[in-house]
Every structure is written in C-alpha cells, then in structure tokens.
Amino acid sequence: MKFGGTSVGNVDRIRNVARRCLATQAAGHDVVVIVSAMAGETNRLLGLAHEFGEIPDAREMDALAATGEQVTSALTAMAIHQLGGQARSLLGHQVRVVTDSAFTKARIRTIDGSRITEVNKQGAIAVVAGFQGVDDAGNITTLGRGGSDTSAVAIAAAIGADVCEIFTDVDGVYTTDPNVCPLARKINKISYEEMLELASLGAKVLQIRSVEIAMKYGVPVHVRSSFSDAEGTLVTSEDKLDRDMERLVVAGVAYDKNEAKVTLREVQDTPGVVARIFGALADKNISVDMIIQNVSSGAATDVTFTVAKADLPRAKALIAEIGPAVGMKDFVVDDSIVKVSIVGVGMRSHAGIAAKMFSLLAGEGINIQAISTSEIKVSCIVAAKYTELAVRALHTGFGLDRKDVHEEPAT
Ligand code: ADP
Ligand code: ASP
Ligand code: MG
C-alpha cells in the first residue's frame, strides 16, 4: 500500500492511512506501507537547497530530499501504534534498497526484502520511506520526482506481494488529467504498455520507472483513492484487458510541462557535430527527449532539443562550454512550452491519427513547434499557455469525453 503526498498531507490524513492499513491487516493480509513526504515538503526542501546556488551538490540534495519521507514513515508508524497496532518504520538504507549513484535520479539495483518480511512475520506493519535508497558506497540516493511509486512497485516485486495498491488524490487513472479536463473518464483497466507511455509523457499519477518494473515483474498495480473505497484502475498485461478497450484507438491524452526547449543557432553542418553535442549531454547524465535538426542552407544549421527543466541549468552550462568548439553562434532557451501527447495501442493499426491531432490543434489556433511519434503515441510541443485548451480539444476530438457528467464513468 503506497500513499502519496496528499494522502499523508497532515496528521489527520496520516491517521486515515494508519486506519486503512490496520483494516487491511485485519482482513488477513501482511501489510507493507510505502509513504511519500507530506504534500509540498519535497518542493520546500529543494527550494531551500536552491538558496545555496543554482546547481547545488547532487549528493547533498539527496541527503536533504530524503528527509521528507523519513518524517512520514516515522509518523505513520506512530499513528498505527496509537490505534493499537504494531508497526516499524524502515528507511531505504535499512531495508537495503540499493541503487546506482546517479543522485537525484538513481535507479534501483537490488532490494533485500528480508527486513520487511521479518517485520511482517512478527505481526507488524512495515512502514517504508519511499523515494530513497543507498548506493554501494553508503550514500543516500533518491529516485527522481514521484519516486515513491517506484519504491512501492519494486518492493512489491521483491517480496512477491499479491498486489501493489497506489493510493492517491484521484480515484484511478483517467483518460487524461481529471484536474485539467473535467470530462476525463476513469479507466477500469489499462495495459502496462499504455500506462508506460502515459507516464513517460507526463501523466504523473504513476512514475514511469514504477510501470517499467511492474511490467517486467508482472506486478498487478491498483491505482485508487485514499479517500474512498471505490475500485480504481488496474494496470495489467494487455491480454487481461476487456475487449471493449480495443475499440479505442486513442486511450488517453497526456501533457508534460517539465521540459524546456534549447536551440543552438548556426552550428557547423558537418559529420560528428551532433554526436559531440549529445555525447557531452549524455556524459553528464542529462537525458534529451526530442531533437530537431533543420536542413541547412549552407555550412551551418540550427539544432533544437528538449530536456527536463530540472536539468536545464546544467545543460545551459554545458552548451556554453562546448558551443564554441562546434561553431555555435549562440543559443536560446524556451521554458514556456508543454508537450501534449495522445496514446493508444490501437494506433498501431490505424492511419491518419497524427494528421487528426494536428488538425484538432490547428482548429484551436495552436501552433506546433515540434513533433515526435512512436508506434503507440504522437507528441507535439506547443506554447505552455495552451495546455488546457490543447488537452481538452484532443480529449473531445478523439471521442474520450464522458457522455454524462452525472453518470458513473465507464470504460
Ligand atoms: P501522489 O502525491 O499521490 O503521488 P501525484 O500528484 O504524484 O500524487 O499524482 C496524482 C495526480 O496525477 C492527480 O492529482 C492528477 O492531477 C495527475 N494526473 C495526470 N494525469 C493523470 C491521469 N491520466 N489520470 C489520473 N491522474 C492524472
Ligand atoms: N516526495 C517525492 C516527490 O515529491 C517522491 C514522491 O512523492 O513520490 O517527488
Ligand atoms: Mg506521485
């Protein structure tokens, strides 16, 4: 059972979490709870770090950010005690969630489930701090924003849990963010593949790594509300889906405001130049999403790419450093962009979906700045101010709107 930031946002909510965990235990289950930091806490901590420079030391960032989850794991254990239950908190290094050393976006290598199962064997609830791990050298690491989802699924896989329940502030995975589009519909079941695309394209309800791990180890994930008992969304393999799902060509719409666009103007148009630029970014562990290189009209060309906003300060410093060597005139950054995407396994067998997306955006007067496609998704970069407009237009245009807002949403 994983509870996100809003679900542990104050002491009453932590009590609610404790009650739910005890009820699940009373129903005959062994319970492992994974908790996030209280809502807003991780942002507060990262804000404090930035008081000490634009690029604070990554190791210390993780030492700092991990404290948010340390607080909630201890408080949740106390709340369970107060209700007469037994519980023990465990931090990432106590479980032994071993990660690589990529601070602020570490990847889990191994998890030792024995501390957790030991706690369960004694009849107690294990309360694990999400988001954090430890590297081989004993440094505290964190798994990237939203990383508690990944802690939860990875722990579920490590201990062979029957199900990984993700309790959050919405009652499941919707066809798009219900906070942006009031006509979004709850999806009863979704495939790992589609969830993976939605997550990678910005639907922050599940962190992308958590879906990768769930898919790899076949962990059934149930996304549901921490404020009601309603059934949520089951994330599962494609063959377990209802036939009905297959009718939908586009299963969902996602948006991501966490990217920034960088344009290098007039770099040399000769072999090896882009390799040099992107090699340098990769060496610094900066992931690049979209890349556009214009056809050059002479010896120079413009290269545009997008990176996570969190990596922008480091990317800027690097481009300023290597730019002269590739003949770059200058570079411009635009961080007022959003990536809007449509996702659906049904796209594999349908033509004209991208064209329809472009015309829906054009119909709203929205200019497209960059495009990328894969077998089951199409993404467009547009100005951030059009986020709501673009998401709603695509949601309506691809027939995803709920028919009646008073009706129970159907798949
Ligand atoms: P938690 O703190 O519980 O981890 P998050 O804020 O990380 O919660 O994720 C839940 C949020 O994800 C929702 O409040 C919603 O705004 C957003 N979201 C984005 N896309 C979707 C979607 N397709 N379905 C449901 N929620 C979505
Ligand atoms: N507290 C961390 C964050 O805000 C991890 C999480 O909530 O999943 O990113
Ligand atoms: Mg989250």
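Structure first, text after, so check above.
Now for a description of the structure that goes with this document.

Criteria and cut-off values
Residues numbered from 1 in each chain as written. Chains lettered and ligands numbered in written order. Predicted model: local features only at pLDDT ≥ 70, side-chain atom pairs only at ≥ 80, totals over all residues. Heavy atoms only, no water. 1 Å grid on protein atoms, 1.4 Å probe; cavity = no way out; pocket = protein on both sides within 12 Å on 5 of 7 lines; lining within 4 Å. Points joined across faces, edges and corners; volume = space filled by probe spheres on them. Helix = DSSP H or I, 4+ residues; strand = E, 2+ residues; numbered from the N terminus. Nonpolar A, V, L, I, M, F, W, Y, C, P; charged D, E, K, R; others polar. Near = heavy atom within 4 Å. Polar contact = N/O pair within 3.5 Å; in protein donor to acceptor, adjacent residues only side chain to side chain. Areas by Shrake-Rupley, 256 points an atom, 1.4 Å probe, with all protein chains shown as cover. Pairing = 2+ DSSP bridges. Contact = heavy atoms within 4.5 Å. Axes fitted to C-alpha atoms, helices over the stretch in contact; angles between N-to-C directions. Core = buried A, V, L, I, M, F, W, Y, C linked by side-chain atoms within 4.5 Å. Buried < 20%, exposed > 50% of the residue type's maximum accessible area, 1.4 Å probe, protein only.

1. Looking at the layout of surface pockets
Unfilled space is identified by rolling a water-sized probe across the atoms.
Then, number 1: Reported here for the second largest pocket is a volume of approximately 430 Å³.
Then, number 2: Around the second largest pocket sit 19 residues that line it, and Asp 30, Val 31, Ala 161, Asp 162 and Val 163 are the ones nearest its centre.
Then, number 3: For the lining of the second largest pocket, the secondary-structure elements that each account for two or more residues are strand 2 (32–35), helix 6 (114–121), helix 7 (148–159) and strand 9 (164–168).
Then, number 4: Top element by residues in the lining of the second largest pocket is helix 7. It accounts for 4 residues.
Then, number 5: Its residues assigned to classes, the lining of the second largest pocket shows 11 nonpolar, 5 polar and 3 charged.

2. Re the site of ligand 1
Then, number 1: Among the 16 residues in the neighbourhood of ligand 1, the closest are listed as Thr 168, Asp 169, Tyr 174, Asp 177 and Asn 179.
Then, number 2: Between ligand 1 and Thr 168 there is a distance of 2.7 Å, counted from an oxygen atom to a side-chain nitrogen or oxygen.
Then, number 3: In this structure, an oxygen atom belonging to ligand 1 sits 2.8 Å away from a side-chain N or O atom of Asp 169.
Then, number 4: For ligand 1, whose accessible area on its own is 570 Å², the fraction buried by protein is 89%.
Then, number 5: Taken together, the residues of the shell around ligand 1 break down into 6 nonpolar, 6 polar and 4 charged.

3. Quick word on the sheet that holds strand 10 (residues 189–191)
Then, number 1: The 8 strands lie next to each other as 3-6-2-1-9-11-12-10, forming an open sheet whose pairing is mixed. Of all strands in the sheet, those with a lone pairing partner are strand 3 (87–90) and strand 10, marking the two edges.
Then, number 2: The sheet contact formed by strand 1 (residues 2–3) and strand 9 spans 2 bridges and is parallel. Residue pairing in the sheet places Lys 2 in a bridge with Ile 166 of strand 9.
Then, number 3: Together, strand 2, strand 3 and strand 6 (125–129) form the strand contacts of helix 6, whose direction differs from that of strand 6 by roughly 150 degrees.
Then, number 4: The sheet contacts of helix 8 (residues 192–200) involve strand 10 and strand 12 (233–236), and relative to strand 10 the element is tilted by about 80 degrees.

4. Comments concerning the nonpolar core
Then, number 1: Ranked by internal contacts, the top residues of the largest apolar core, which has 40 residues, are Ile 116, Cys 164, Met 195, Leu 206, Val 221 and Val 235.
Then, number 2: If we skip the residues at most four places from it in the chain, Cys 164 touches Ala 152, Val 153, Ala 156, Val 219, Pro 220, Val 221 and His 222.
Then, number 3: In this structure, Cys 181, Val 250, Met 347 and Val 378 belong to the second largest nonpolar core, which totals 22 residues.

5. Focus: the environment of Thr 236
Then, number 1: As for its placement among the helices and strands, Thr 236 is situated in strand 12.
Then, number 2: Along the primary structure Thr 236 and Ala 354 are separated by 118 residues, whereas in three dimensions their C-alpha atoms are 27 Å apart.
Then, number 3: If sequence neighbours within four positions are ignored, Thr 236 has contacts with Ile 190, Ser 191, Tyr 192 and Leu 241.

6. Overview of the environment of Tyr 192
Then, number 1: Along the chain, the position of Tyr 192 falls in helix 8.
Then, number 2: For the pair Tyr 192 and Met 215, spaced 23 residues apart in sequence, the C-alpha separation works out to 5.8 Å.
Then, number 3: Setting aside chain neighbours within four positions, we find Tyr 192 in contact with Val 211, Ala 214, Met 215, Gly 218, Val 219, Pro 220, Val 235, Thr 236 and Ser 237.

7. Section: the pairing of strand 18 (residues 337–343)
Then, number 1: In terms of burial, strand 18 is largely enclosed, as 7 of its 7 residues are buried.
Then, number 2: The two faces of strand 18 match: Ile 337, Lys 339, Ser 341 and Val 343 on one face and Val 338, Val 340 and Ile 342 on the other face are all buried.
Then, number 3: In the sheet, strand 13 (residues 252–256) pairs with strand 18 via 5 bridges, with the strands oriented antiparallel. By the bridge assignment for strand 18, Ala 254 is matched with Ser 341.

8. So, the sheet that holds strand 14 (residues 259–268)
Then, number 1: Strands sit in the order 15-16-14-17 across an open sheet of 4 strands; the sheet is antiparallel. Strand pairing shows two members of the sheet lacking a second neighbour, strand 15 (288–293) and strand 17 (330–334), which therefore form its edges. The average undirected angle you get between the axes of adjacent strands in this sheet is 20 degrees.
Then, number 2: Two strands pair when backbone bridges link them, and strand 15 and strand 16 (residues 300–308) are joined in this way by 4 bridges, in the antiparallel orientation. Bridge pairing in strand 16 links Ile 291 to Phe 305.
Then, number 3: Contacts from helix 11 (residues 312–322) reach strand 14, strand 16 and strand 17, with the element oriented near 170 degrees to strand 17.

Worth remembering: the numbers are spatial, not functional.
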